[in-house]
Amino acid sequence: MFEKEWDRLQDETIFQARELTEEQKKYLDNIINNIISSIKSSAVVIEGKALPSSSFRNYLLQKFYQGERLENIKWVTVEQYSKGLVAQRTLTGGIEYTFRVEGGGKREGEETTGYFPPTQETIEGEKIKKTRIRQEFFELEQKISGLPQLYEHQEEALQSIAKQKKVSVQLPTGTGKTMVGIEAIRRFGTPAIVIVPTVILLHQWENELKKYGLKPSVVYAEEKKFGPVTITTYQTARMPIHLPNLRMYRVVILDEVHHLYGDVTKTILYEIMDTAEYIIGLSATVKQPGEKGYKEQKTYLPVAVEKYPVHFKGTPMEVPVTMEYIPVVLSKEEMEEYQDAQMTITKALRTIGSPDNWSRVASDPANPHFLLARNALKALQDRRKILSSNMAKMQKALEIIQSNPDSQFIVFLETIESAQTLKGILDRNGISNALITANVKLEDRFKYFDEFSRGKIRVLLSVFALEEGVNLPDVDKAIWLATSRDTPRYMIQRLGRITRPKPGKTATLYWIYAINTVEEERIGKYGRLL
């Protein structure tokens, strides 16, 4: 064997594989193959980061050619890590082999300890000495303290989680979903990861966890540090480079879990089902029968607790809401355009089914309903534009805001064009406002929220940007300028923006709707639910 050469190769930095002889390369290859074959896991954790076992071989080779001793590299399987322990383990399994050295100036029969376990062919017939595998385990030191006393519904949720382990929990906005998640981490242990739909929610969770003594790591954009307690977004977690990292966590909290069931993001669920002990989906609006993703929810994360605002009447969580329904009439031209669009939508619903199917059909020219699906998608856009841009609605919104000079508002709109129109009307009337869409930078959003909380901005205009994950407890009035989407989720989430509990708080929702349209139908369909 080449004990002296291996000693040199490990002590001196060798960057080029060509400096090894063919026999040395074969020896190194066998050593690494032995290491890889000993791993009975899909991934390993090195310095807090998970690496697929399939990539571990290249990682070891890279480290070797960078001059690092392989036995100094510490690793642990994801299964060990998921038990709340950080392990350091010698790559060679902690086994020292003693074998005869052939030549090299050694006396015949002299035994020398090598840095690597030789291959089976090398040690065949020779005496080998094995020592016990040495593993060091370190309890994670992060502790949660100072949590407030739980409400009855929160304790009910946690008991359901403890019993079923992989569940969804529905609680209305402002009733303490986040506290359920933090208490779950305290009760069920770490490592734990929280996955959220937006960076704003990521920072909210980060602040809440820090409040109770934790030091969470965050993974998004430029920051990518996985740790014992981690927060990331669905968009980041679903990336192939990050998916293996999810397997190291014992507790997984999926905030606003209804975002999980998209065609791309549900890969997260499949990645964690076999490794996480507890998977907790939190939402104010879990999937309902007939919705896309309901089947996966029912199969993998069944709803254990399902609470609505009506369940909190007479409790400290209740914020009384006054609903004001304000009708407007479409112009003759608008009504004709609306009816044309609605006729196409109705035909597509009867022929193709749910709008969830329309994009798929519209992308397949061979489908017999290809043209109908394309026309129906355009009709949806036309209907949304008509219901959003009606000037009578704009005028009503202005009157409501002007008649409440001491109040702040969130106005929910459905097109950027209508939001820009209303913004211009408010600007001309001297009413401070900010328009928030998906394209507004994160730093600008925080700036607007700060100015809104300090009273410098009276009105926030939202185009599908403030429906969820925004904590503005002082705002108590909202205006719905359009409700073209036939789903209670948006309505419940929007209502939640003004019903975050605060002592003595009451809220008012102004629902401006066009008569003889789907908006009028939805008042009857969802009004009682809200």
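Residues numbered from 1 in each chain as written. Predicted model: local features only at pLDDT ≥ 70, side-chain atom pairs only at ≥ 80, totals over all residues. Heavy atoms only, no water.

### Some points on the side chain of T517
Here is step 1 of the chain: Structurally, the position occupied by T517 is in the loop between β21 (507-514) and α19 (518-526).
Here is step 2 of the chain: A polar atom in the side chain of T517 sits 2.6 Å from the backbone oxygen of A514.
Here is step 3 of the chain: When neighbours within four sequence positions are excluded, T517 is seen to be in contact with L330, M335, Y338 and L387. (Helix = DSSP H or I, 4+ residues; strand = E, 2+ residues; numbered from the N terminus. Polar contact = N/O pair within 3.5 Å; in protein donor to acceptor, adjacent residues only side chain to side chain. Contact = heavy atoms within 4.5 Å.)

### Side note on the sheet that holds strand β18 (residues 433-436)
Here is step 1 of the chain: Strand order in this open sheet of six strands is β16-β21-β20-β17-β19-β18, and the pairing throughout is parallel. Pairing within the sheet leaves two strands with one partner each, and these edge strands are β16 (321-328) and β18. This sheet shows a mean twist of 15° between the axes of neighbouring strands, independent of strand direction.
Here is step 2 of the chain: When β16 meets β21, the two strands line up parallel, connected through eight bridges. From the neighbouring strand, V328 faces β21, where its bridge partner is A514.
Here is step 3 of the chain: Sheet strands in contact with helix α15 (residues 391-402) are β16, β17 (409-413), β19 (459-463), β20 (477-480) and β21, and its direction is about 160° off that of β21.
Here is step 4 of the chain: The sheet strands contacting helix α17 (residues 442-453) are β17, β18 and β19, and the helix crosses β18 at an angle near 145°. (Pairing = 2+ DSSP bridges. Axes fitted to C-alpha atoms, helices over the stretch in contact; angles between N-to-C directions.)

### Focus: unusual backbone geometry
Here is step 1 of the chain: Residue P191 is bonded to the preceding T190 through a cis peptide linkage, with omega at 5°.
Here is step 2 of the chain: Within the secondary structure layout, P191 lies in the loop between α7 (177-188) and β9 (192-196).
Here is step 3 of the chain: Backbone geometry at E256 places phi at a positive 50°, although glycine is not the residue there.
Here is step 4 of the chain: Of note, the phi angle at F464 is positive, near 50°, even though the residue is not glycine.
Here is step 5 of the chain: Looking at the secondary structure, you find F464 in the loop between β19 and β20.
Here is step 6 of the chain: Note on F464: relative accessible area 26%, which makes it partly exposed. (Buried < 20%, exposed > 50% of the residue type's maximum accessible area, 1.4 Å probe, protein only.)

### Regarding the packing of helix α8 (residues 199-211) against α17
Here is step 1 of the chain: Between α8 and α17, whose axes approach to 11 Å, the crossing angle comes to 60°. Here V199, I200 and H203 of α8 come into contact with α17, specifically with L442, R445, F446 and F449.
Here is step 2 of the chain: Of the residues belonging to the contact of α8 with α17, the class tally is five nonpolar, one polar and one charged. (Nonpolar A, V, L, I, M, F, W, Y, C, P; charged D, E, K, R; others polar.)

### Re the nonpolar core
Here is step 1 of the chain: Counting 34 residues, the largest nonpolar core has I161, V169, W205, L209 and I253 as the members making the most contacts within it.
Here is step 2 of the chain: Broken down by element, this core gets its largest block of residues, six residues, from α7.
Here is step 3 of the chain: Residue contacts for L209: discarding those within four places in its chain leaves I182, I185, L214, P216, V229 and I231.
Here is step 4 of the chain: The next biggest cluster of nonpolar side chains, apart from the first, holds 30 residues, and it includes L398, I400, I431 and L461. (Core = buried A, V, L, I, M, F, W, Y, C linked by side-chain atoms within 4.5 Å.)

### Regarding the sheet that holds strand β3 (residues 76-77)
Here is step 1 of the chain: Pairing within the open sheet is antiparallel, and its three strands lie in the order β2-β1-β3. Of all the strands in the sheet, the pair left with one neighbour each is β2 (49-52) and β3.
Here is step 2 of the chain: Here strand β1 (residues 43-46) pairs with β3 via two bridges, running antiparallel. Bridging across to β3, V45 finds its partner in V76.

### Some words on the packing of α7 against α8
Here is step 1 of the chain: Closest axis-to-axis distance for the α7/α8 pair is 11 Å, and the angle between their directions is 55°. On the basis of the axis angle, α7 is oblique to α8. Remark: the crossing between α7 and α8 carries right-handed chirality. Together, T178, G181, I182 and I185 of α7 and W205, E208 and L209 of α8 make up the contact between the two elements.
Here is step 2 of the chain: Taken together, the residues of the contact of α7 with α8 break down into four nonpolar, two polar and one charged. (Parallel < 35°, antiparallel > 145°, perpendicular 65-115°, else oblique. Left-handed = near helix turned anticlockwise from the far one by under 90°.)

### Describing a negative patch on the surface
Here is step 1 of the chain: Judged by side-chain charge, E333, E336, E337 and D340 come together as a negatively charged surface patch.
Here is step 2 of the chain: Mapping E333 onto the fold places it in helix α12 (residues 332-351). (Patch = residues over 30% accessible without salt bridge, like charges linked within 9 Å, V, L, I, M, F, W, Y side chains within 5 Å. Areas by Shrake-Rupley, 256 points an atom, 1.4 Å probe, with all protein chains shown as cover. Salt bridge = Lys/Arg side-chain N within 4 Å of Asp/Glu carboxyl O. Lys, Arg positive; Asp, Glu negative; His and termini not counted. Charge placed at Lys NZ, Arg CZ, Asp CG, Glu CD.)

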